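# Summary of structural features
Each chain is listed here by its residues.
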Amino acid sequence: MRIESIGVRIPSRKLTNDDILEFLVIHSNGVSKKVLSAYQRMVKGLLTKTGSEVRFIRDKDRKERAAELVVAAIQEALQKSGRSKDEIDLLIYCGVGKGFLEPANAYFYANALDMQCSCFDVADACMSWTRALEISYEYMKSYRYKTIMIVNGEFNSDHGLPANFVIKDLRQLEYTFPTYTIGEAATATVVTASDAEWSFHFRTRSDLCDLCNIPLEGFDDFVLPSARLGRNGIQNFVAYGQEMFASAEDQLADLLKEVIGNLDEPDIYFPHAASSTAYLTNGKRIGIKPEKMYAEVFPRYGNVVSASIPVGIYLAEQEKRLKRGDLVVLCPASAGMVYGVVKFRY
């Protein structure tokens, strides 16, 4: 399998760390100045610690819509690949951002571009794009499809803005801070059949499934009780970031050593963009040179969920840090929890 092209679209409203701190003031009228000041101070410290600088979301005052950005990313990917929409055999929509539980969101984008192809969705939080790659690879190995497009529209600011900016007490920061790093993005990836070998390895910790969640109405009827679920309300983001990073640090380190062996051999690593400093620090701890860990997405665009790695590949190729023939490793961690290591030649 070969990645032919990636298209990316970023919305226009830029939010700095100072904007995030100001949002806390705007939406927390009922809290004391002492609590507000302490909460802001802690948020500012954590934003600095994780490497956060800016993120972008839709400018709703200018009627900026997710659909147009997703379609533009699809059109860019098609144009860069030199292929027409009629050559796409399968469209997979993946990720957290979506407009519908039913039908699959992929159908709407196929319809928008008059694409006559098979369609379905893949959902596995920030691992979704990587899972879609694995599905595409297995389909191509069986000669089922020759050309597949993977699309995501990670427009998730509504899963926490404004609700997660309403300060109730200092304790909520434990499961709310990651909200303040979320950015938005759309990507489209064209992959085609080739003889190139890929390897996919995943490790799952389902006992940590309640560390990160966005619950639907009536969720508690479908799962075993947990005090960690739905703590910010229905459809709002909950993430125990510190525990998630602690788990990912150990699990990814073990999986990378097991799968890659010689960690100096790959030319470049692409992590999930939930922090820049954590991946650089932990990579260095196990022997990955900082210049080989592409950690530029998070400071420039925030945590763009399952769009993190395709945005990273897109940028790295533009910056000439990634070229054809390079040995690439994807090393995302995701809610679930699940950790992945994927190796291939670009």
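Below, the structure is looked at part by part. (Residues numbered from 1 in each chain as written. Predicted model: local features only at pLDDT ≥ 70, side-chain atom pairs only at ≥ 80, totals over all residues. Heavy atoms only, no water.)

### Notes on the overall build of the protein
For clarity, the threshold we go by: Only DSSP runs of H or I with at least four residues qualify as helices, and only runs of E with at least two residues qualify as strands; both kinds are numbered from the N terminus onward. Our radius of gyration looks at C-alpha atoms and nothing else; its globule reference is 2.2 Å times the residue count to the power 0.38. Each residue is assigned to one of three classes by its accessible area relative to the maximum for its type, calculated with a 1.4 Å probe on protein chains only: buried under 20%, partly exposed between the two thresholds, exposed over 50%. Contacts between residues were defined by any pair of non-hydrogen atoms, one from each residue, lying within 4.5 Å. The method behind every accessible area is Shrake-Rupley, applied with a 1.4 Å probe, and residues are considered shielded solely by the protein chains displayed.
Per the secondary structure count, the protein includes 10 helices and 14 strands. Computed over its C-alpha atoms, the radius of gyration of the protein comes to 20 Å, within 12% of the 20 Å expected for a compact globule of 346 residues. Along the first, second and third principal axes, the C-alpha set of the protein runs to 60 × 45 × 40 Å. In the protein, which comprises 346 residues, the proportion classed as buried is 56%. Nonlocal contacts in the protein, meaning residues at least 24 apart in sequence, comprise 77% of its contacts between residues at least 6 apart. Carbon together with sulfur atoms contributes 51% to the accessible area of the protein, which is approximately 15,600 Å² in total.

### Points about the layout of surface pockets
Basically, it comes down to this: Lining residues are defined by having an atom within 4 Å of a point belonging to a cavity or pocket. Those points lie on a 1 Å grid over the protein atoms alone, cavities being sets where a 1.4 Å probe fits but cannot get out and pockets being open sets with protein on both sides within 12 Å along at least five of seven lines. Grid points are joined across faces, edges and corners, and a volume is the space filled by probe spheres set on the points. Gly counts as polar in this scheme, as do all residues outside two lists: the nonpolar Ala, Val, Leu, Ile, Met, Phe, Trp, Tyr, Cys and Pro, and the charged Asp, Glu, Lys and Arg.
There is about 340 Å³ of room inside the second largest pocket. In terms of lining, the second largest pocket is formed by 18 residues, of which the most central are Ala66, Ala67, Lys98, Gly99 and Tyr109. Every element with two or more residues in the lining of the second largest pocket is listed here: α3 (66-81) and α4 (105-112). Grouping the amino acids of the lining of the second largest pocket by side-chain chemistry returns 8 nonpolar, 6 polar and 4 charged.

### Here's the deal with the packing of helix α1 (residues 17-26) against helix α2 (residues 33-50)
Spelled out, the test is: In this description, a line fitted to the C-alpha atoms serves as the axis of each element, helices being fitted only across the stretch in contact, and the angle between N-to-C directions of two axes falls anywhere from 0 to 180 degrees. When an angle is under 35 degrees it counts as roughly parallel; over 145 it counts as roughly antiparallel; between 65 and 115 it counts as roughly perpendicular; any other value is oblique. Left-handed describes a crossing whose near helix is turned anticlockwise from the far helix by less than a right angle; the clockwise case is right-handed.
Here α1 crosses α2 at 155°, and the two axes come no closer than 10 Å. Taken together, the axes of α1 and α2 lie roughly antiparallel to each other. The handedness of the crossing between α1 and α2 is right-handed. Along the contact surface, α1 presents Asn17, Leu21, Leu24 and Val25, while α2 presents Leu36, Tyr39, Gln40, Val43, Lys44 and Leu47. A per-class count over the contact of α1 with α2 returns 7 nonpolar, 2 polar and 1 charged.

### Describing the sheet that holds strand β5 (residues 118-122)
Keep this limit in mind: Only strands joined by at least two bridges in the DSSP assignment are considered to pair.
On the basis of which strands lie adjacent, the open sheet formed by 5 strands has the order β1-β7-β6-β4-β5 and mixed pairing. Across the chains shown, the open sheet's two edge strands, defined by having one partner strand only, are β1 (2-9) and β5. Ignoring strand direction, the axes of neighbouring strands in this sheet form an average angle of 20°. As judged from the 8 bridges shared by strand β6 (residues 147-154) and strand β7 (residues 185-192), these two strands associate in the antiparallel manner. Looking across to β7, one finds that isoleucine 150 is bridged to threonine 189. Across the sheet, helix α10 (residues 308-318) lies against β1, β6 and β7, angled at about 100° from β1, the strand it touches most.

### Digging into empty space enclosed by the protein
Considering all chains together, one arrives at 2 cavities of 30 Å³ or more under this definition. Computed from the structure, the largest cavity encloses a volume of approximately 70 Å³. For the largest cavity, the lining is made up of 15 residues, of which Pro271, Ala273, Tyr294, Ala295 and Val297 are closest to its centre. For the lining of the largest cavity, the elements supplying multiple residues, two or more each, are β11 (268-271), α9 (297-301) and α10. Top element by residues in the lining of the largest cavity is α10. It accounts for 3 residues.

### What about the nonpolar core?
Rule in force here: Here, nonpolar core refers to any group of buried Ala, Val, Leu, Ile, Met, Phe, Trp, Tyr and Cys residues whose side-chain atoms link them within 4.5 Å.
Core analysis: the biggest nonpolar cluster contains 43 residues, and Ile3, Trp129, Leu133, Trp198, Phe270, Ile313 and Leu330 have the highest contact counts within it. In terms of residues, this core owes the most to one element, α10, which gives 6 residues. Formed by 30 residues, the second largest nonpolar core is a distinct cluster that contains Phe237, Tyr269, Ile288 and Val341.

### Details of unusual backbone geometry
Leucine 161 connects to proline 162 through a cis peptide bond whose omega is 15°. Here proline 162 is to be found in the loop between β6 and α6 (173-176). Here the residue pair glycine 336 and methionine 337 is connected by a cis peptide bond, since its omega of -10° sits within 30 degrees of zero. Counting through the fold element by element, methionine 337 comes out in the loop between β13 (333-334) and β14 (338-345). Residues other than glycine seldom take positive phi values, yet glutamine 235 does so here, at roughly 70°.

### What about the pattern of salt bridges?
Let me state the cut-off plainly: Here a salt bridge means any side-chain nitrogen of Lys or Arg lying within 4 Å of a carboxyl oxygen belonging to Asp or Glu.
Throughout the structure, instances matching the rule amount to 21 salt bridges. Where arginine 205 meets aspartate 207, a salt bridge forms, and the shortest distance between an N and an O atom there is 2.6 Å. Of the residues examined, arginine 205 reaches a relative accessible area of 27% and is grouped as partly exposed. The salt bridge involving glutamate 319 is made with arginine 300; its shortest N-O contact spans 2.8 Å. Separated by 19 residues along the polypeptide, glutamate 319 in the loop between α10 and β12 (327-331) and arginine 300 in helix α9 bring together distant segments of the chain. By relative accessible area, glutamate 319 is classed as partly exposed at 31%.

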